[in-house]
Amino acid sequence: ERLPTHQHHWTPTPRAEQQQRNNNTSLSHVRFHFGDGDARPAHRSPPPSPLGVHCSSIGAVTLVYRIDRTMSELIPIGIDLGSLHARVAIGNINIASDNNDPANDLVDTRPLPNIISNAQGSRYTLALVGTDKADTEEDGVAEETRHIFGEAARRALAREKKPTISKDPSSMVRELVRSSSSVSNDENATVKSSAASAFFSHLAELACDASSAHPSKLRTVVSVPVGCTPEEQSGIVETVERGINEALEGRQNAKDKKTKKKKGNSEEDPSIIAVIADPAAVCIAHGLTEIDHPGVVDLSENKNETTFWKNVLVVDWGASGLTATHMCRSSANSALLTIVQYISDTSCSGTAIISALAKHCASMFERKNRVSGVMDSKKACHRLEMACESAARTLSRAPTVTVAVDGLYEGIDMHVPISRPRFDMLMSGILRKAETLLQNFAAKEGVRFDVVLLAGNVCDMPSASNLIRTKLFPNASAGRGDVPPDEAVAIGCARQAASILSCDTHFKHGVKRAEDHGLGPSSIKVKACPLTIGICRIQHDKENGHLQEVISKTAVPLIEMGEPLPANITRKIMCKGEGDPCLSDEYIAIVQMQGGHAKTSKVIGKIENIPLVDGTFEVTMELTSAGKLSISVDGAPSATL
C-alpha cells in the first residue's frame, strides 16, 4: 500500500512469527500497526464477509486481506431428548450480541443455533427404536436384524399389531435409557442399552452430515428432565457417548481402526461436555444468562429502579405432562441460575390431548359409516394417532384441518374436518387443569415472575400460549420472540455447548476423563455473601441525621445477600452533576444495606472528587471469600477495605 506521506516496507519479525504460531493462523489473519518500529500484530480480525474478503482502515492505511478458516474446529451440539421427540441443534461459537441497551438484560440478539432436519425433512425425530430384518440372502448370509428409528419404527409397530406408544412407551428412547441404567433390574438391560445407543448414533450421523464434520469433532450438551436422578443422568451420558463412539467407528476406515487399535483409546476426548436441566436450557436459549455489558446504574435522579430480572417461570408442556419450574438468580449481576421449586402433572400431557382428538375422530367416523370398534383395532389406532398428531401441529398455524386416513377401518376412508374452536373445546378440560395448576404454583411461590418462558409442543397451540401469556401472566416478559417453544431446549443446549467451547474449558487431547471425575451431579460448598453491599449518592449536608433514610431510598445493590463468593461486579455509574463536574458537594458512598446479618445501614467507603467523563464512571467491586472488599474506579489501582 502507498501511504499519503511516506512508505513503509514491512516483513514479519520473529515476534510476529511467534504470535502467528501461538494463534495458529497465517499472517493474512493478523492486522499490523504501521509505524516507525517493527510490524506487530494488533488483534484478530472480525468474522469474514460472505465473499470471504474483509476491508479495514488503520489510520491512513487500508488493508484488504482474505480470511481463511480451517475446518478443524470443534462443533458444539445440543441434544434434546424429549419423551416423544428428539431434536439436535448446532451452535455458533464467538458471536457477539447486537444489544445496544445496557440497562435491559432481557434483550438478546444473537443468532440462534440451527436445528438439524432428518432424512424426511422434519426438524424433529420420533424418539422410538424398533427392529427390522435386512434381506441379505444374495450375499449368502442369513437375514440380519437392524435398528430402525422414528416413524419407520412406528410403522413397524403397526405392522406387528403392537400397542401404540401412548399405551406402551417401553420402546421410547427415554424409557430405554431408564431401563438400562445401573439401578435397573431389567433382564434385557443390555439389549435396551444397545437400542438407545443406536438411536444416539443415528443423531450423531445427522449432526455430522449437517456440519460436514467427523464424529470425533462433536462436543455435546445433553438435556435431562428436571428432578432427574443421578443414576438416570449417568445413564444418559453413557448412552450418548456410546452412540457417538459407534458413529465414529462406523466412519473409520480400516487403516484408522488399525492405528487406533495399536495406540489404544487413551487420547480420546469425551464427547459429552455438560448435562443441564430442561428449564435451564430454556433460559439459556432466551439469552438470560448472557451478560455482555457491565450494566448502568443511574444515580443522577436518586432512583434505584432497575430493569433486571430475578424470578423466571419456565412452563414445559410436552407429551409427558406439564412441568412448571421456578428459577431465579441471586442478583442482577449474576449469571448463576437456581432451581427453586418445580411441580409436574401428567394428566395435562400432550398425549392426553392427542388421545382426546383421536377419540373424537373415531366417534365421528363410526357415526358416519355406522361401524364400531375402531379404537379396538391396534393398526387403526396407530394410523389414527399419527394423523391426529399431524393435525394438532397444523392447527397451531391454521384455522382448520382435515384428519384424513385412507382405509382406516374395514377399507373405509376417513375424512373428519376439525376447526380450531372445536379443537379448543376438546382440550378445554386439560386447559382448566393446567390453569389451576399454574395459579396454585404461582400463589405458593409468593413471588412476582419477571419472565415467563414456554417450552414443549403443547405451548405451540394458540389456546395454551394465550392462557399463559394473556390470562395468567400478562405483565411478564416473554423472552426472545423467535425461539420456538418446541425447540427451546435443543437451542439452549447448543448455546451452552458453544459457550463452553468458546471459553476453552473443554478437555484437551491427551487428557482422559478419570472415572471419579466424570460428568454428573456434584456438590461444591462455597461461602455466601451475608449482607448486601450497594452504592448511592449522598450530599455532605445529609451525613448526619438523614443517612439511614437516604441509603434505604436511593441505594442500588451491587453484591446482594446470598450471592456465592468470590463475587466480581463491574458497573457503569451515571451521576450527572449540575454544573459540578467533580461532584464536590456530594460523594458516592459504598454502603452496607440493612438486611441479613446487617441490622442497620451504614457507609463503609467513599468515592470523592471524581472527574466525570460524560457524567459517568466505571466501578469494579470484588468481594473475596475471606471478606475483603476491593474497589477500583475507571480501571485505576484498587483499594481494599
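Values in this document were obtained by computation on a predicted structure and should not be read as measured data. (Residues numbered from 1 in each chain as written. Predicted model: local features only at pLDDT ≥ 70, side-chain atom pairs only at ≥ 80, totals over all residues. Heavy atoms only, no water.)

### Points about the overall build of the protein chain
What the protein chain contains, in helices and strands, is 14 helices and 27 strands. Per-residue burial for the protein chain yields a buried fraction of 45% across its 641 residues. Here the analysis covers contacts within the protein chain between residues at least 6 apart in sequence; of these, 69% occur between residues at least 24 apart. (Helix = DSSP H or I, 4+ residues; strand = E, 2+ residues; numbered from the N terminus. Buried < 20%, exposed > 50% of the residue type's maximum accessible area, 1.4 Å probe, protein only. Contact = heavy atoms within 4.5 Å.)

### Description of the sheet that holds strand 15 (residues 322–328)
If you trace the four strands from one edge of the open sheet to the other, you get 16-15-14-19, paired in mixed fashion. Two strands close off the open sheet at either side, each with one partner strand: strand 16 (338–345) and strand 19 (451–455). Strand-to-strand, the axes of this sheet are offset by a mean angle of 15 degrees, without reference to chain direction. Note: strand 14 (residues 311–317) against strand 19, five bridges, orientation parallel. Bridging across to strand 19, D316 finds its partner in A455. The strands touched by helix 7 (residues 278–285) are strand 14, strand 15, strand 16 and strand 19; relative to strand 14, the strand with the most contacts, the crossing angle is about 115 degrees. The strands that helix 12 (residues 462–472) touches are strand 14 and strand 19; relative to strand 19, the one it contacts most, it runs at about 170 degrees. (Pairing = 2+ DSSP bridges. Axes fitted to C-alpha atoms, helices over the stretch in contact; angles between N-to-C directions.)

### Examining the packing of aromatic side chains
According to the stated counting rule, one finds three aromatic pairs in the structure shown. A ring pair is formed by F149 and F199, whose centres lie 5.9 Å apart and whose planes are at 65 degrees; its orientation type is edge-to-face. Taken together, the positions of F149 in strand 10 (residues 144–149) and F199 in helix 4 (residues 189–211) put the pair 50 residues apart, joining distant regions of the chain. Each ring, one from F199 and one from F200, has its centre 5.9 Å from the other, and the planes form 75 degrees; the classification is edge-to-face. On the basis of relative accessible area, F199 is assigned to the buried category, the value being 0%. (Phe/Tyr/Trp six-rings, centres within 6.5 Å; stacked < 30°, edge-to-face > 60°.)

### What about the sheet that holds strand 21 (residues 556–559)?
Taken in spatial order, the four strands of this open sheet run 21-20-23-24, and their pairing is antiparallel. Two strands close off the open sheet at either side, each with one partner strand: strand 21 and strand 24 (602–607). Averaged over all pairs of adjacent strands, the angle between their axes in this sheet comes to 35 degrees, without regard to strand direction. As defined by bridge partners, strand 20 (residues 532–539) adjoins strand 23 (residues 586–593) across eight bridges and the pair is classed as antiparallel. If you follow I538 over to strand 23, its bridge partner there is Y587. Across the sheet, helix 14 (residues 547–554) is in contact with strand 20, strand 21, strand 23 and strand 24; its angle to strand 20 comes to roughly 120 degrees.

### Description of the packing of helix 2 (residues 151–159) against helix 9 (residues 378–395)
Close contact between helix 2 and helix 9 brings their axes to 8 Å; oriented N to C, the two are set at 150 degrees. Regarding the angle of helix 2 to helix 9, the classification is roughly antiparallel. Across the interface between the two elements, E151, R154, L157 and A158 of helix 2 pack against K379, H382, E385, M386 and E389 of helix 9. Grouping the amino acids of the contact of helix 2 with helix 9 by side-chain chemistry returns three nonpolar, one polar and five charged. (Parallel < 35°, antiparallel > 145°, perpendicular 65-115°, else oblique. Nonpolar A, V, L, I, M, F, W, Y, C, P; charged D, E, K, R; others polar.)

### A closer look at the pattern of salt bridges
Counting across every chain of the model gives 13 salt bridges. With a closest N to O distance of 3.9 Å, K310 and E560 form a salt bridge. One end of the pair, K310, is in the loop between strand 13 (296–298) and strand 14; the other, E560, is in the loop between strand 21 and strand 22 (567–574), with 250 residues separating them in the sequence. With its nearest N and O atoms 3.7 Å apart, the salt bridge here joins R397 to D460. One end of the pair, R397, is in the loop between helix 9 and strand 17 (400–409); the other, D460, is in the loop between strand 19 and helix 12, and 63 residues separate them in sequence. Sharing partners across several salt bridges, the network here consists of E151, R154 and E389. (Salt bridge = Lys/Arg side-chain N within 4 Å of Asp/Glu carboxyl O.)

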